[in-house]
Amino acid sequence: MIRYLRYLFLAVLALSLLTVAMANRAPVQIKALPDDIAAFTGLAWQLELPLFLVIFGGMIAGLLIGFVWEWLRERKHRSAASRQSREVTRLERELAVMKDSVSVPKDDVLAILEKPKA
């Protein structure tokens, strides 16, 4: 059931994005600098694209910036989790060694007394 809801959601999303793209096909100019600054510096870089590409490009750029920002922000938590995982592994190994050394009796009489009864 959930799979069908997901497919329905993706179909509605695709249809709405296609509708936005078809409604915004008019070309727009994208300029790197305002006209006055471009004339002053001599850098008049501009590009003409359909509006829907500008809209979708802005959405994708925003998502990528957000993902990178969050990944960088979570670095300290990933580092702490990795450090704690290594510590847990070390302590588990140490505990296994201690259990093995404790379970081996040092005396034959103690070995007979500690032998499990069937």
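Source: prediction; values computed, not measured.

*Asks:* Summarise the overall build of the protein chain; cite the residues concerned and give the values.
*Replies:* Each helix and strand in the protein chain was counted, giving 5 helices and 2 strands. Secondary structure elements of the protein chain occur, N-terminal to C-terminal, as α-β-α-β-α-α-α. Counting only contacts in the protein chain whose residues sit at least 6 apart along the sequence, the fraction spanning at least 24 positions is 38%. Surface exposure of the protein chain reaches about 10,800 Å², of which carbon and sulfur atoms provide 69%.

*Asks:* Which residues make up the pattern of salt bridges, and what are the values?
*Replies:* Where charged atoms from two side chains of opposite charge come close, those side chains can pair. Applying the stated rule across the entire model yields 5 salt bridges. Linking Asp35 and Lys31 is a salt bridge whose minimum nitrogen-to-oxygen distance equals 2.9 Å. Assessed through its relative accessible area of 51%, Asp35 is described here as exposed. One salt-bridge network, in which partners are shared between bridges, spans Glu70, Arg73 and Glu74.

*Asks:* Residue-level account of the packing of aromatic side chains, with values.
*Replies:* Under the criterion given, the structure shown has 1 aromatic pair. Judged by centre distance (6.1 Å) and plane angle (70 degrees), the rings of Phe52 and Phe56 are edge-to-face. Pair noted here: Phe52 and Phe56 are both in helix H3 (residues 51-73), with a separation of 4 residues, about one helical turn.

*Asks:* Describe a nonpolar patch on the surface, listing the residues and the values that go with them.
*Replies:* Together, Tyr4, Tyr7, Phe9, Leu10, Leu13, Leu17, Val20, Ile55 and Met59 make up an exposed nonpolar region whose accessible area comes to about 850 Å². Counting only elements with at least two residues in the nonpolar patch, the list comes to helix H1 (2-23) and H3. Here the element with the most residues in the nonpolar patch is H1; it accounts for 7 residues. For Ile55, the position within the fold is in helix H3. Judged by relative accessible area, which is 32%, Ile55 ranks as partly exposed.

*Asks:* Lay out the confidence of the model for the protein chain in plain terms, naming residues and giving numbers.
*Replies:* Averaged over every residue, the pLDDT of the protein chain is 89; the share at 70 or more is 89%. Mean pLDDT across the secondary structure elements of the protein chain bottoms out at helix H5 (residues 108-114), with 69, and peaks at H3, with 96.

Criteria and thresholds
- Residues numbered from 1 in each chain as written.
- Predicted model: local features only at pLDDT ≥ 70, side-chain atom pairs only at ≥ 80, totals over all residues.
- Heavy atoms only, no water.
- Helix = DSSP H or I, 4+ residues; strand = E, 2+ residues; numbered from the N terminus.
- Contact = heavy atoms within 4.5 Å.
- Areas by Shrake-Rupley, 256 points an atom, 1.4 Å probe, with all protein chains shown as cover.
- Salt bridge = Lys/Arg side-chain N within 4 Å of Asp/Glu carboxyl O.
- Buried < 20%, exposed > 50% of the residue type's maximum accessible area, 1.4 Å probe, protein only.
- Phe/Tyr/Trp six-rings, centres within 6.5 Å; stacked < 30°, edge-to-face > 60°.
- Patch = residues over 30% accessible without salt bridge, like charges linked within 9 Å, V, L, I, M, F, W, Y side chains within 5 Å.
- pLDDT = per-residue confidence, 0-100.

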